[in-house]
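# Commentary on secondary and tertiary structure
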Amino acid sequence: MADRPWIATEDVMAEVRARVRAEVRARLARSGVREFEDEAVFLAAEDLLARALERRDRQLLLLPELLDDEDDWRVNPSLRLSSHRPIAGGAIIWLKQKLLLPITRWLYDYSRENFARQERLNFVLMACLQQLAIENVRLATRVEALEQGRATPGAPADTTGSA
């Protein structure tokens, strides 16, 4: 047993990840995402999404700052009981707390878990959108710099001096 070679966990995990990545790419390509037939495109998309996932911290996202009201994007299930009736309101709230609340508590708990999951997904999508916006701006800047630096490839050069 002492003669067995040492196996690095990192190498094994890298191989497993590569196999899973290849299977996912093949499944998505078979399902109709033809762009993922190109491994470079798949890896670039995976990298972009991974970078976006790193930025899902609320403090690192611009989109929530641009939205006027936090209620527009944040899922916030509340279980506040109130009444607009000044005289009978207290009795109505007491009845709701003692009778209706225990009956519907399971629905609230179930919904709260789903709302929390939805909020996490919203943050991830906002992070992805932000990463795509950053990449788009970088590419647009590079294209503009290339266009200003030289004539568009394939276009005849303007020898008349007119714009």
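Counting from 1, residues in each chain are numbered in the order their sequence is written. Reporting in this predicted model follows two pLDDT cut-offs: at least 70 for local features of residues, and 80 or more for side-chain atom pairs to be given and counted; totals over whole chains, interfaces and linings ignore these cut-offs and use all residues. Hydrogens and waters are ignored; side-chain quantities use all the structure's heavy atoms.

Let's shift gears to the overall build of the protein. Helix and strand definitions follow DSSP, with helices as H or I runs of at least four residues and strands as E runs of at least two, each counted in order from the N terminus. A tally of helices and strands in the protein yields 4 helices and 0 strands. Start at the N end of the protein and walk to the C end: the helices and strands fall as α-α-α-α. Relative accessibility under 20% of the residue-type maximum defines a buried residue, over 50% an exposed one, and the middle range a partly exposed one, all with a 1.4 Å probe and only protein chains included. Burial status across the protein gives 13% buried among its 163 residues. By definition, residues are in contact when any of their heavy atoms lie within 4.5 Å. A separation threshold of at least 6 residues defines the contact pool for the protein, and within that pool the share at least 24 residues apart is 56%. Throughout, the Shrake-Rupley method with a 1.4 Å probe supplies accessible areas, and for residues the shown protein chains are the sole cover considered. Carbon and sulfur atoms make up 58% of the accessible area of the protein, which amounts to about 13600 Å² in all.

The next point concerns the packing of aromatic side chains. Only the six-membered ring of Trp is used, alongside the rings of Phe and Tyr, when aromatic pairs are assigned; centres must lie within 6.5 Å, and planes under 30 degrees apart are stacked while those over 60 apart are edge-to-face, with the rest tilted. Per the counting criterion, the structure on display carries 1 aromatic pair. Arranged with centres 5.1 Å apart and planes meeting at 90°, the rings of F36 and F42 form a pair that is edge-to-face. When sorted by exposure, F36 lands in the same class as F42, which is buried.

With that settled, consider the pattern of salt bridges. Side chains bearing opposite charge may pair, as long as their charged atoms lie close to each other. Throughout this description, the term salt bridge denotes a Lys or Arg side-chain nitrogen within 4 Å of a carboxyl oxygen of Asp or Glu. Taken as a whole and assessed by the stated rule, the structure comprises 5 salt bridges. The shortest N-O distance in the salt bridge between R34 and E37 comes to 3.3 Å.

If you look at the biggest cluster of nonpolar residues, it comprises 7 residues: A52, L61, F123, V124, M126, A127 and C128. In terms of residue count, the dominant contributor to this core is helix α4 (residues 89-149) (5 residues). Here, nonpolar core means buried Ala, Val, Leu, Ile, Met, Phe, Trp, Tyr and Cys residues that are tied together by side-chain atoms lying within 4.5 Å of each other.

Taken N-terminus to C-terminus, the directions of helix α2 (residues 39-54) and α4 make an angle of 120°; their axes are 8 Å apart at the nearest point. The angle between the axes of α2 and α4 places the two elements in the oblique class. Considering only the axes of α2 and α4, their crossing is right-handed. Within the contact between the two elements, α2 uses L48, L49, R51, A52 and L53 and α4 uses V124, A127, C128, Q131, L132 and E135. All amino acids are sorted into three groups, where Ala, Val, Leu, Ile, Met, Phe, Trp, Tyr, Cys and Pro are nonpolar, Asp, Glu, Lys and Arg are charged, and the leftover types, Gly among them, are polar. Split into classes, the residues belonging to the contact of α2 with α4 amount to 8 nonpolar, 1 polar and 2 charged. Each axis is a line fitted through C-alpha atoms, taken for helices only over the stretch in contact, and angles between the N-to-C directions span 0 to 180 degrees. In these notes the angle categories are as follows: under 35 degrees is roughly parallel, over 145 is roughly antiparallel, 65 to 115 is roughly perpendicular, and the rest is oblique. Left-handed describes a crossing whose near helix is turned anticlockwise from the far helix by less than a right angle; the clockwise case is right-handed.

With that settled, the discussion passes to α4. Each helix should span, by expectation, one fewer than its residue count multiplied by 1.5 Å. Here α4 is 61 residues long, yet its end C-alpha atoms lie only 73 Å apart, well below the 90 Å a rise of 1.5 Å per residue gives. Values of bend correspond, residue by residue, to the angle between axes fitted over the seven residues ending at that residue and the seven starting there. Largest kink in α4: about 60°, centred on L101, with the proline P102 one to four residues after it.

With that out of the way, let us pick up a nonpolar patch on the surface. Among the surface-exposed residues, W94, L95, L99, L100 and I103 lie close enough to one another that they form a single nonpolar patch of about 530 Å² accessible area. With respect to the helices and strands, W94 occurs in helix α4. Patch criteria: residues need more than 30% relative accessible area and no salt bridge. Like-charged residues are merged within 9 Å; nonpolar side chains of Val, Leu, Ile, Met, Phe, Trp and Tyr are merged within 5 Å.

Attention now goes to the packing of helix α1 (residues 9-30) against α2. Contact pair α1 / α2: the axes reach a minimum separation of 11 Å and the direction vectors enclose 110°. Here α1 lies roughly perpendicular to α2, going by the angle between them. Residue-level inspection shows R21, V24, R25 and L28 of α1 in contact with α2, the latter providing E39, F42, L43 and E46. Across the contact of α1 with α2, the residue classes break down as 4 nonpolar, no polar and 4 charged.

Quick look at α1 now. Compared with the 32 Å implied by 1.5 Å per residue over 22 residues, the 31 Å span of α1 between its first and last C-alpha is a close match. Count one or two residues on from α1 and you reach G32, which has phi positive near 125°.

Here we take up the confidence of the model for the protein. Averaged over all residues, the pLDDT of the protein is 79; the fraction at 70 or higher stands at 80%. Mean pLDDT per element in the protein: helix α3 (residues 63-66) is the minimum at 76, and α1 is the maximum at 93. pLDDT under 50 marks residues 157-163. Its contacts with residues more than four places away, or in other chains, come to 0 contacts. One number per residue, pLDDT, summarises how confident the predictor is, and it ranges from 0 to 100.

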